[in-house]
Amino acid sequence: MFCFQCQQTARGTGCTASGVCGKKPETAHEQDVLTCEMIALAAVMQAKGLNSTTEIDLIMDGLFTCITNVNFDTAKVAALAGEVKAKREKLGGGEIMQPEALFSGDEDIRSLRSMLLFGLRGMAAYAHHARVQGKRDSRVDNWFIKGMAALAQNHPVDGWLELLQEFGGINLKCMEILDAVNTGSYGDPVPVQVPLKIEKGPFIVISGHDLHDLQMLLEQTDGIGVNVYTHGEMLPAHGYPELKKHPQLKGNFGTAWQNQQKEFQDMPAPVLFTTNCIMIPQKSYADRVYTTAVVQYPEMIHIEADEKGRKDFSALIVHAKKLGGYPEGKQLAGINGGFTMTAGYGRQTVLNNAPAIIDAVKTGAIKHFFLVGGCDGMHTSRSYYTEFVQQAPKDTLVLTLACGRFRFNDLDIGKIGPFPRILDMGQCNDAYGAIQVALALAGAFKCDVNDLPLTLILSWYEQKAVCVLLTLLSLGIKNIMIGPTLPAFISPNVLKVLIEKTGIGLISTPKADLAKILKK
Ligand code: SF4
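Here the structure is a predicted model, which means the values were calculated and not measured.

Peer 1: Teacher, can you tell me more about the packing of helix H5 (residues 107-131) against helix H6 (residues 138-150) here?
Peer 2: Pairs of packed helices are described in terms of their axes, by the angle between the two and the distance that separates them. Across the interface, H5 lies against H6 with an axial gap of 10 Å and an inter-helix angle of 155°. Between H5 and H6, the angle falls in the class roughly antiparallel. Considering how the two elements wind past one another, H5 and H6 form a crossing that is left-handed. Mapping the contact onto sequence places Leu116, Leu117, Leu120, Met123, Ala124 and Ala127 in H5 and Val140, Trp143, Phe144, Gly147, Met148 and Ala150 in H6. Among the residues forming the contact of H5 with H6, the class breakdown is 11 nonpolar, 1 polar and no charged.

Peer 1: What is the right way to look at the sheet that holds strand E17 (residues 481-483) in this model?
Peer 2: Strand order in the open sheet formed by 6 strands is E15-E12-E11-E16-E17-E18, and the pairing between neighbours is parallel. One side of each edge strand has no neighbouring strand; the edge strands of this open sheet are strand E15 (422-424) and strand E18 (505-506). As defined by bridge partners, strand E12 (residues 396-400) adjoins E15 across 3 bridges and the pair is classed as parallel. Note that in E15 the partner of Val398 across the bridge is Ile422.

Peer 1: How do you make sense of helix H3 (residues 74-90) when you look at a structure like this?
Peer 2: Every α-helix winds through 3.6 residues per turn, so residues three or four apart in the chain are directed the same way. The end-to-end C-alpha separation of H3 is 24 Å, in line with the 24 Å expected for 17 residues at 1.5 Å each. Within H3 the residues assigned to the buried category are Val77, Leu80, Ala81, Val84 and Arg88. Taken around the axis of H3, the buried residues stretch over an arc of 100°, which confines them to a single face. Opposite the packed face of H3, turned more than 90 degrees from it, sit the exposed residues Ala75 and Lys90. Close packing links the buried residues of H3 with helix H1 (25-48) and helix H2 (53-65). Among the residues trailing H3, Gly92 stands out with phi positive, at a value near 90°.

Peer 1: Got a minute to help me understand the packing of aromatic side chains in this structure?
Peer 2: We describe a pair of aromatic rings using the distance from one ring centre to the other and the angle between the two ring planes. On inspection of all chains with the given rule, the structure shows 21 aromatic pairs. Centroid distance Phe2 to Phe103: 6.3 Å. Interplanar angle 55°. Geometry classified as tilted. Of the two residues, Phe2 sits in the segment before H1 while Phe103 sits in the loop between helix H4 (99-102) and H5, which places them 101 residues apart along the sequence. Between Trp460 and Phe489, the aromatic rings sit 5.9 Å apart at their centres with planes inclined by 85°, giving edge-to-face as the arrangement. In this pair, Trp460 is assigned in the loop between strand E16 (454-459) and helix H16 (463-474) and Phe489 in the loop between E17 and helix H17 (492-502), connecting sequence segments 29 residues apart. Across the pair, exposure class does not vary: Trp460 and Phe489 are buried alike. In this structure an aromatic cluster arises from ring pairing among Phe203, Tyr229, Phe253, Phe264, Phe273, Tyr285 and Tyr326.

Peer 1: For this particular structure, what's the right way to read the nonpolar core?
Peer 2: One recurring pattern in soluble globular proteins is that nonpolar side chains are buried together. Ranked by internal contacts, the top residues of the largest apolar core, which has 143 residues, are Leu116, Leu120, Phe144, Met148, Phe253 and Ile480. Per-element tally for this core: the top contributor is H5, with 13 residues. In this structure Phe144 touches Ala42, Ile56, Ile59, Met60, Leu63, Leu120, Met123, Ala124 and Ala127, once residues within four positions along its chain are discounted. Ranked by size, the runner-up nonpolar core spans 22 residues in total, among them Leu217, Tyr240, Tyr290 and Ile317.

Peer 1: Where do I start with the site of the ligand in this structure?
Peer 2: The local shell around the ligand holds 13 residues, among which Cys3, Cys6, Cys15, Cys21 and Thr68 are the closest. Class assignment for the residues of the shell around the ligand results in 7 nonpolar, 5 polar and 1 charged.

Peer 1: Can you walk me through the side chain of Arg88 in this structure?
Peer 2: Relative to the assigned elements, Arg88 resides in helix H3. Side-chain polar atoms of Arg88 contact the backbone oxygen of Gly94, separated by 3.4 Å. Setting aside residues no more than four positions away along its own chain, Arg88 makes contact with Glu37, Ala40, Leu41, Gly93, Gly94 and Ile96.

Peer 1: Got a minute to help me understand H1 in this structure?
Peer 2: Taking 1.5 Å per residue as the helical rise, H1 with its 24 residues ought to reach 34 Å, and the 35 Å between its terminal C-alpha atoms agrees with that figure. Residue Gly49 follows H1 closely and has a positive phi angle near 65°.

Peer 1: Got a minute to help me understand the environment of Ala256 in this structure?
Peer 2: As for its placement among the helices and strands, Ala256 is situated in the loop between strand E5 (249-252) and helix H10 (260-263). For Ala256, a relative accessible area of 0% translates into the label buried. Discounting residues that sit within four places of it in the chain, Ala256 has contacts with His231, Glu263, Asp376, Cys403 and Phe406.

Peer 1: How do you make sense of the side chain of Thr502 when you look at a structure like this?
Peer 2: Looking at where Thr502 falls in the secondary structure, it is placed in helix H17. A polar atom in the side chain of Thr502 sits 2.6 Å from the backbone oxygen of Leu498. Once residues within four sequence positions are removed from consideration, Thr502 is found in contact with Leu473, Lys478 and Asn479.

Analysis parameters
- Within every chain, residues take consecutive numbers counted from 1 along the sequence as written.
- It should be noted that, the model being predicted, local features are given only for residues of pLDDT at least 70 and side-chain atom pairs only at 80 or more, the latter also being counted only at that level, while totals for whole chains, interfaces and linings use all residues.
- As a convention, hydrogens and water are excluded, and side-chain values are obtained from all of the structure's heavy atoms.
- Here the axes come from fitting lines to C-alpha atoms, over the contacting stretch only for helices, and the angles between their N-to-C directions go from 0 to 180 degrees.
- Secondary structure elements are defined from DSSP: runs of H or I of at least 4 residues count as helices, runs of E of at least 2 residues count as strands, and each element is numbered from the N terminus.
- Each angle receives one of four descriptions, namely roughly parallel if under 35 degrees, roughly antiparallel if over 145, roughly perpendicular if within 65 to 115, and oblique otherwise.
- By the definition used in this description, the sense in which the near helix is turned from the far one sets the handedness, with an anticlockwise turn below a right angle giving left-handed and a clockwise turn giving right-handed.
- Contacts are residue-level and defined by heavy atoms, with any inter-residue pair within 4.5 Å sufficient.
- Following the grouping adopted for this structure description, the nonpolar residues are Ala, Val, Leu, Ile, Met, Phe, Trp, Tyr, Cys and Pro, the charged ones are Asp, Glu, Lys and Arg, and the polar ones are all others, Gly among them.
- Two strands form a pair only when DSSP identifies at least two bridges running between them.
- What a helix should span is 1.5 Å times the count of its residues minus one.
- When accessible area is computed with a 1.4 Å probe and restricted to protein chains, residues below 20% of their type maximum are described as buried, those above 50% as exposed, and intermediate ones as partly exposed.
- Think of it as the arc spanned by the lines of direction from the helix axis to the C-beta atoms.
- Side-chain rings of Phe, Tyr and Trp, where Trp is taken by its six-membered ring, are said to pair if the distance between their centres is within 6.5 Å; with planes under 30 degrees apart they count as stacked, over 60 as edge-to-face, and otherwise as tilted.
- Remark: nonpolar core denotes a set of buried residues (Ala, Val, Leu, Ile, Met, Phe, Trp, Tyr, Cys) joined through side-chain atoms within 4.5 Å.
- Any residue with a heavy atom positioned within 4 Å of a molecule or strand is treated as near that molecule or strand.
- The definition of a polar contact used here is a pair of N or O atoms within 3.5 Å, where within protein one atom must be able to donate a hydrogen and the other to accept one, and adjacent residues in sequence count solely through side-chain atom pairs.

See below:
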């Protein structure tokens, strides 16, 4: 096997014997076969000018399946590859790229091709979430065909860079439609303090990004005495009025995904994984793990949608009642010992407060904005993000999004006027909202986004971070700092080009980076 798509890849170069994430070589192989089949399906669709949503949905879900910590079920991945193969053959598609060729060849071309593939995997997750709520966009759909077909074609370096630039713009559109469907269905997020206390009695934990799954679970737990707690990237759900109106949505369980094996072991409740990041379930809680959508793990109970997209969560509810929850309320804490986390500073709330924020900048109360966001992960060097936020001067505001927030979102670092100094804007796809806020500030100050007192400090782990990064770069946002390590799939030459064009750089230490950014 060879896989180097995520930040925790072995030795910082690639997983070869088995995945650090737990992915087995046979699963990796089937994912590569699936990817090659999807490329061939896209190629025949492009050649014949076809754009049926049935095939596009298959490609979308196949890409989503290959995201890190999503699907560990070799047989299910192989079955999906078979489904794609049958569609390809029916459409008359022939030539197939060999799985070994996916990640081989010229180092720089391999780097650029991988970046596009991994970006497409990330965007597929966002498009899937919008699609299950009835929203899609033909430009995004068609780009799955264009992008996947491009992976088997020869392009010069400049051609690949143009594709990546175009892809970044399409992913912005994709995040926009997801923002529209989330806010359209559940309202604009409003600020809320999310407790980390688990009340006594039966409960269910729901993890991942799929707000539609949470909505269905809440509708099915209304008035039956079973509470619901978010986990990981589901935390921002508390800000949405139409989800929050269900009184059994009580709070958040635990911290970021990489702590689940420890945090779930004594949990007297079932957990539902709606997206990444599922880790190898430990014996102590494996019988309480449920999966849905493209998330699968061998022998775990999988809940499928019916033909109308409805899911029946009664097995989870029965299980929660049987386990009974904690006999007394149990206080949990964030990684810094805090008992609450703030959520709900979504795009519209921040924009509604733009006049006050602009005044605060003009009076000097806010000297700099940091967007400290992205994925969390295992590496101990990720303590950088906690220390960065702790050391950021008191006249700076920290915007955050995605599960990297758990490094510091239980800290109380004070307020500037009415605003807490940490504003949680939502899930990783809510990078769309952060971009709108940056554009609005640039408009108000009549300057370019790059001239704002704003620095992006990103943490990356999996492929959604890749598509978000490509979007930010396609918008011309410069001097982004990423960590905790550079992606293994970026070759030295490609890195050189990116640095020259965008000024992107690796984080160093909080003290040195803050001094450099604030020129102190
Ligand atoms: Fe390795 Fe990451 Fe690939 Fe898993 S997803 S096999 S950890 S590179």
